[in-house]
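Observations on the three-dimensional arrangement
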Amino acid sequence: MELIVTEVKTRRYDSTRRKQQAELTRNAVLAAARRRFLADGYAATTVAAVAGDAGVSIETVYKSFGGKPGLVRAIWERALSGRGDVPAPVRSDAMSATETDAEQMLRNWARLNAEVTFEVVPILLLVRAASDSDEAMAALLAESEQQRLIRMRHNARRLLKTGGVRRGLGLAQVTDILWMFSASELYEVLVLRRNWTRARYAAFIADAMAAALV
């Protein structure tokens with residue numbers, strides 16, 4: 001009986017260790033892919049280069065991500081979570097579920113917006129540049145825009161429930177304003193062209209959304 005218990009414990013330990021190693025490998029591949037894509041562009045980056053940078057085989061990358069489109073998608077999905085231990089959308093919903101002041105809600109969103117934007121927009125700009133010649137990237141770009149619109153409509157509903165939104169603004173208008181201030185084009189103009197910091201960017205978005213909506 002003791003031998004059976006020992007065997008089960010060993011298998012569980014081995015399974016945990018394999019999962020941990022798989023996660024470390026995945027993280028290494030995604031980090032290497034992000035660096036390569038942002039440095040060299042989508043077309044010039046190869047799976048072989050990513051695999052070499054991550055210290056894994058080409059086969060491992062293909063099995064895990066299915067090639068370059070899968071790598072970009074995985075990087076994009078990870079960036080949407082932001083930098084915190086808890087994904088940014090989860091933190092956003094937890095905040096807006098308890099916050100009753102419309103302006104404070106917007107300022108909280110502005111901080112989260114800046115956190116996610118600085119992670120995800122460089123990837124979206126890569127996707128946009130590749131979308132004219134790559135169907136997978138064009139599809140991902142369209143999906144990202146649709147997902148952002150859905151998210152902003154969700155946020156707009158929560159903002160309207162506070163009763164603090166400027167009179168005359170409905171769901172469609174609030175959604176469009178939130179959509180505008182979360183656009184990659186705004187990041188491109190202010191951060192990439194004018195070298196704004198994340199703090200300055202977040203403060204500007206907070207002030208502008210508050211002025212437009214409350």
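Here goes a summary of the coordinates provided. (Residues numbered from 1 in each chain as written. Predicted model: local features only at pLDDT ≥ 70, side-chain atom pairs only at ≥ 80, totals over all residues. Heavy atoms only, no water.)

Digging into the overall build of the protein chain
In terms of regular secondary structure, the protein chain is built from 10 helices and 0 strands. When the 214 residues of the protein chain are sorted by exposure, 39% land in the buried category. A separation of at least 24 residues holds for 66% of the contacts in the protein chain among residues at least 6 apart in sequence. When the accessible surface of the protein chain is split by element, carbon and sulfur atoms take 54% of a total near 12,100 Å². Separation of charge centres in the protein chain, based on 31 positive and 24 negative side chains, amounts to 3 Å. (Helix = DSSP H or I, 4+ residues; strand = E, 2+ residues; numbered from the N terminus. Buried < 20%, exposed > 50% of the residue type's maximum accessible area, 1.4 Å probe, protein only. Contact = heavy atoms within 4.5 Å. Areas by Shrake-Rupley, 256 points an atom, 1.4 Å probe, with all protein chains shown as cover. Lys, Arg positive; Asp, Glu negative; His and termini not counted. Charge placed at Lys NZ, Arg CZ, Asp CG, Glu CD.)

Some points on the layout of surface pockets
A probe matching the size of a water molecule, rolled over the atoms, marks out where space remains unfilled. Approximately 560 Å³ is the volume found for the largest pocket. If you trace the largest pocket, you find 26 residues lining it, with Val116, Arg148, Arg151, Met152 and Ser182 closest to the centre. Looking at the lining of the largest pocket, the elements that each hand over two or more residues are α5 (88–98), α6 (102–130), α7 (135–161) and α8 (171–181). Take the lining of the largest pocket: its biggest share by element is 8 residues, from α6. Considering only enclosed or pocket space, the second largest pocket measures out at about 180 Å³ in volume. Lining the second largest pocket are Asn27, Leu30, Ala31, Arg34, Ala74, Ile75, Arg78, Ala79, Gly82, Arg83 and Glu119. If you list the elements that add at least two residues to the lining of the second largest pocket, you get α1 (2–40) and α4 (68–79). For the lining of the second largest pocket, a count of residues per class yields 5 nonpolar, 2 polar and 4 charged. (1 Å grid on protein atoms, 1.4 Å probe; cavity = no way out; pocket = protein on both sides within 12 Å on 5 of 7 lines; lining within 4 Å. Points joined across faces, edges and corners; volume = space filled by probe spheres on them. Nonpolar A, V, L, I, M, F, W, Y, C, P; charged D, E, K, R; others polar.)

Quick word on the packing of α6 against helix α10 (residues 198–213)
The contact between α6 and α10 brings their axes to 8 Å, and the two run at 140°. Two packed elements cross with a definite hand, and for α6 against α10 that hand is right-handed. Taking contact as the criterion, the partners of Glu103, Leu106, Arg107, Ala110, Arg111, Asn113, Ala114, Glu115, Thr117 and Phe118 in α6 are, on α10, Arg198, Tyr201, Ala202, Ile205, Ala206, Asp207, Met209, Ala210 and Leu213. Looking at side-chain class alone, the contact of α6 with α10 contains 11 nonpolar, 2 polar and 6 charged residues. (Axes fitted to C-alpha atoms, helices over the stretch in contact; angles between N-to-C directions. Left-handed = near helix turned anticlockwise from the far one by under 90°.)

Section: the packing of α5 against α6
It is the contact of α5 with α6, at a shortest axis distance of 10 Å, that shows an interaxial angle of 175°. Comparing the axis directions of α5 and α6 gives the class roughly antiparallel. Here Ala88, Arg91, Ser92, Met95 and Ser96 of α5 come into contact with α6, specifically with Met105, Asn108, Trp109, Leu112, Glu115 and Val116. Counted by class, the contact of α5 with α6 contains 6 nonpolar, 3 polar and 2 charged residues. (Parallel < 35°, antiparallel > 145°, perpendicular 65-115°, else oblique.)

Examining the environment of Arg200
Tracing the backbone shows Arg200 in helix α10. Along the primary structure Arg200 and Leu190 are separated by 10 residues, whereas in three dimensions their C-alpha atoms are 9.6 Å apart.

Notes on the pattern of salt bridges
Inspection of the entire model under this criterion finds 14 salt bridges. For Arg107, the salt bridge is made with Asp207, and the minimal N-O distance between the two is 2.9 Å. Taken together, the positions of Arg107 in helix α6 and Asp207 in helix α10 put the pair 100 residues apart, joining distant regions of the chain. Classification of Asp207 by relative accessible area gives partly exposed; the value is 44%. For Arg148, the salt bridge identified is with Glu145, shortest N-O distance 3.5 Å. Taken together, the residues Arg148 and Glu145, both in helix α7 and 3 residues apart, mark about one turn of the helix. Shared partners join several salt bridges into a network, and the residues in it are Arg36, Asp40 and Asp53. (Salt bridge = Lys/Arg side-chain N within 4 Å of Asp/Glu carboxyl O.)

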